[in-house]
Amino acid sequence: MTIEIKENTAIQQAVDEAIKRYGIKQDELIPILNDVNRAIGFLPGEALDEISKQLKLPKSQLFSVASFYRMLSTKPRGRHVIQFCENAPCHVAGGRQVWQALVDEIHLNAEETSADGKWSLVTTSCLGICGVGPVMIIDDDIFGNVDPKTIPDILSRYH
Amino acid sequence: MKAIRSMVLVSSDPVSIERGAKEVYQALQREIKEFDLENEISLTMVGDVGRHEASPLVIIYPEAVIYGPVKEGDVHFLVEEHLYKGRIAAGLQAPVRELSGKIAWLSARKGTLPAEQRIVLERAGIIDPDSIDDYIIHDGYQALAKALTQMNPEQIFDTLEKAGLRGRGGAGFPTGTKWRFVKKASGTKKYVICNADESEPGTFKDRLILEGDPHAIIEALAIAAYAVGADEGYIYIRGEYTLAQQRLHRAIEQAREIGFLGENIFGTEFKFDLHIHSGAGAYICGEETALIESIEGKRGEPRARPPYPTTNGLWDKPTLVNNVETLANVGPILRNGAQWYRSFGTPSSPGTKVYTILGKTNVTGLIEVPMGITLREVIAIYGKGIKDEKPFKLAQTGGSSGSIIPASLQDTPMDFDSFAKAGVALGSGALLICDEDTCVVDLAKVLLNFFRKESCGKCTPCRIGNQRAYEILTNISEGTGALSDLTDLALLSDNLYQLSNCGLGQTAGAPIRDILNYFRAEVEAHIRLKVCPTGVCPMSGKRI
């Protein structure tokens, strides 16, 4: 019971802060969702309820937006999110082998979250750092020129 | 009294920062102080200089010596040798053959590499992107001053049309004409938008412009707003570009403080203000009507056209949408005139184009060269040839919505019209160079995977067509394809082109069309012989 209340306060706080920052405007919906997603790690139903109430927008619209954009998630994610670029430039530069090494190392497939809640693995479109492909991003850290051999070392930096 | 004798620049693109550029910068600060050189040396963090292999880079003027990759521990030696004793710090210089982009341009002045022609990236990598003073010293806001005080909108449209500037987002629409449409549209409230949702795979030219020279875009948007009669503008920038966003936010604040944004700009009646709108990860939002929907807080689904945004755009008001690179050309054209701009490029496509060279060349990176250069020249001169001297097989241009260019077309001049005549597309400027180890079926599969995931799902041909094409290509790559699949693929490609609502679907079939046109034998080998000639495809016999 107390845990639930605590979580709800955190959600309330994240929503209030985002709305205070951007104002009650429909054209600020995506920035608001972005901020809340960043603060909580995903967009729980309670957050969408609260934003819907404050912005006076139907919840269906919020859900349709939240489920459309890649950087927003309506499902909980792991503590660390690995984004792996699967587009042609990284692919040609050896991305396929790196992907295989990554999958073997953390035993997850694309769009899965590990049972212990540590990792989420997502594939993504071009991240605009193609000069150093293959590229992956863990949380906010960019890794370029990734080699299958360096995967264990990179992953070991995260706890 | 300060008499600066040397300028030290540190690269600060995301890769450099990840590799410790900030620590190098702080170490340089410490060491310069230690050697008591503070009054003689200026130290600046600059944007992306277009070279990642050897980053973080430290560049020292006036000698234009390039060091990289520099580690924190190297800094003491570097400062002592180069700045204190005045000789090159042995062993720290970046390898010359790996240099490209701005650095290549610098080296070219030293006579080691062929020159580029820099117009839109002229300042990137030379100025401090966080300093409006630096921008102003390098001719910044001159074009805006000229436009507001000496030119009427008609003269601005004329100049852009005479210069022959065409949109650099991929479609190549004449910029001056587009501006004129918005000016003519009825209504008192109008908007200008910079499309910085650069998501074409393999393209990062706009990021470099935004990170290295953010004020150039603010200035161009203000000029555009004055010309078309808008007082409000947006920069729609993709959510992943956090560094570019920070720089733009800062640049806008500085421009407001000085009065280049706000009321009575340059003492005239003209007022203009600018917002930054961050995307949230959707390729489709680079399509202008999807971008507008996204700013309005909706799903990024393209609208039916006509009406076009020039008459019914953001909040149904006339709206001008231009790509970052297009806008970056506006300032230089107004400052130097149409005649000057026409001295670069080809008669039908004047000016320069920024390309990203990727894939199997010895040197990858970013170049800005005149329109009309050929692929062969790009590979030989700027790419320094193909790795291990393997034969060139194909290039994929302009991200995924570009074309697959076979080796037989590598002598076609790269400009809008010559490429259109050859039946291929210039796209957004990515050049993914592939050698004989690349399988065309595998490549097309990766491209179609991209489209099926990024399709917004609004119209059926695109939503179903891309998924189906991907499945057929997957079966071919598994060795379970049939010859009738090729007819189906050709039909799908045609349907995508004819029936899709927006540019994404219309161009999604291009990779299929191109591999069937130029590499049919290789595709058929997968089906008839159940063999992938390059050994890339799994051919495991699993059918989906």
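Residues numbered from 1 in each chain as written. Chains lettered and ligands numbered in written order. Predicted model: local features only at pLDDT ≥ 70, side-chain atom pairs only at ≥ 80, totals over all residues.

Peer 1: Honestly, the overall build of chain B in this entry has me stumped. Any pointers?
Peer 2: Looking only at helices and strands, one finds 22 helices and 13 strands in chain B. Taken along its principal axes, the extent of the C-alpha atoms in chain B is 80 × 60 × 40 Å. Expressed as a percentage of its 544 residues, the buried residues of chain B come to 56%. Restricting to contacts in chain B with at least 6 residues of sequence separation, those with at least 24 account for 71%. (Helix = DSSP H or I, 4+ residues; strand = E, 2+ residues; numbered from the N terminus. Buried ≥ 20, exposed ≤ 12 C-beta atoms within 10 Å, placed from the backbone. Contact = placed C-beta atoms within 7 Å.)

Peer 1: Would you explain the sheet that holds strand β1 (residues 80-85) of chain A in this entry?
Peer 2: Two pairing modes exist for strands in a sheet, parallel and antiparallel, and in both the strands are linked by backbone hydrogen bonds. Residue and element names in this part refer to chain A. Taken in spatial order, the 5 strands make up an open sheet running β2-β3-β1-β4-β5, and their pairing is mixed. The two strands at the open ends of the sheet, each matched to only one other strand, are β2 (112-113) and β5 (141-143). Contacts between helix α5 (residues 88-106) and the sheet are confined to β1 and β3 (119-124), with β1 contributing the most and set at about 150° to the helix. (Pairing = 2+ DSSP bridges. Axes fitted to C-alpha atoms, helices over the stretch in contact; angles between N-to-C directions.)

Peer 1: What am I meant to see in the sheet that holds strand β11 (residues 392-397) of chain B here?
Peer 2: Residues and elements named next belong to chain B. Read from one edge to the other, the open sheet built from 5 strands follows the order β10-β9-β13-β11-β12, with strand pairing classed as mixed. Each edge of the open sheet is held by one strand with a lone partner, namely β10 (365-370) and β12 (404-406). Here the average twist between neighbouring strands, direction ignored, is 30°. Where β11 lies against strand β13 (residues 430-435), 5 bridges are found, and the strand directions are antiparallel. When the bridges of β13 are listed, Gln396 appears paired with Leu432.

Peer 1: What is the right way to look at unusual backbone geometry in this model?
Peer 2: Most peptide bonds take the trans form, and the phi angle of most residues other than glycine is negative. Residues and elements named next belong to chain B. The omega torsion across Ser55 and Pro56 is 0°, close enough to zero to call that bond cis. Within the element layout of this structure, Pro56 appears in the loop between β2 (41-46) and β3 (58-61). Between Gly68 and the following residue, Pro69, the backbone shows a cis peptide bond with an omega angle of -10°. Along the chain, Pro69 falls in the loop between β4 (65-67) and α3 (75-85). The backbone of Asn264 sits at a positive phi, close to 45°, despite the residue not being glycine. Of note, Asn264 is situated in the loop between α11 (242-258) and β7 (273-278). Using a count of 10 C-beta atoms within 10 Å as the deciding quantity, one classes Asn264 as exposed.

Peer 1: Please explain the domain arrangement of chain B as it appears in this structure.
Peer 2: Residues and elements named next belong to chain B. What the domain assignment lists for chain B is domain 1 (6-97), domain 2 (132-340), domain 3 (352-435) and domain 4 (440-528). Averaged C-alpha coordinates put domain 2 and domain 4 at centres separated by 35 Å. On the domain 4 side, the residues contacting the 9 residues of domain 2 number 8 residues. A breakdown of the residues in the side of domain 2 that touches domain 4 according to their chemical character gives 6 nonpolar, 1 polar and 2 charged. (Domains from an automatic or database assignment. Nonpolar A, V, L, I, M, F, W, Y, C, P; charged D, E, K, R; others polar.)

Peer 1: Which parts of the structure should I look at to understand the pairing of strand β9 (residues 352-359) of chain B?
Peer 2: Residues and elements named next belong to chain B. For β9, the tally of buried residues reaches 8 of 8 residues, placing the bulk of the element in the interior. Examined bridge by bridge, β9 and β10 share 6 bridges and lie antiparallel to one another. Bridge pairing in β10 places Ile357 opposite Gly365. The antiparallel hairpin formed by β9 and β10 contains 5 residues in its connecting segment. Looking at chain direction, β9 and β13 are connected through 4 bridges and run parallel. Along β13, the bridge assignment pairs Leu358 with Leu432.

Peer 1: I tried to follow the confidence of the model for chain B on my own but got confused; where do I start?
Peer 2: Residue and element names in this part refer to chain B. Model confidence for chain B is summarised by a mean pLDDT of 89, while 94% of its residues fall at 70 or above. Counting interchain partners and residues more than four positions distant, the pLDDT-below-50 stretch residues 97-113 has 49 contacts. Both scores are available for the predicted complex, with the pTM at 0.84 and the ipTM at 0.92. (pLDDT = per-residue confidence, 0-100.)

Peer 1: Help me out: how do you make sense of the domain arrangement of chain A in this one?
Peer 2: Many structure descriptions define interface size as the accessible area lost when the parts assemble. We note that the domain assignment places domain 1 (2-66) and domain 2 (80-155) within chain A. Using C-alpha coordinates to define each centre, domain 1 of chain A is positioned 29 Å away from domain 2 of chain A.

Peer 1: Please clarify how the pairing of β1 of chain A should be interpreted in this entry.
Peer 2: Sheet faces and side chains relate simply in a regular strand, where the side chains alternate between the two faces. All names here are of chain A. As judged from the 6 bridges shared by β1 and β3, these two strands associate in the parallel manner. Within β3, the residue paired with Gln83 across the bridge is Val122. For β1 and strand β4 (residues 136-138), the ladder comprises 3 bridges, and the chain directions are antiparallel. Opposite Gln83, over in β4, you have Ile137 as the bridge partner.

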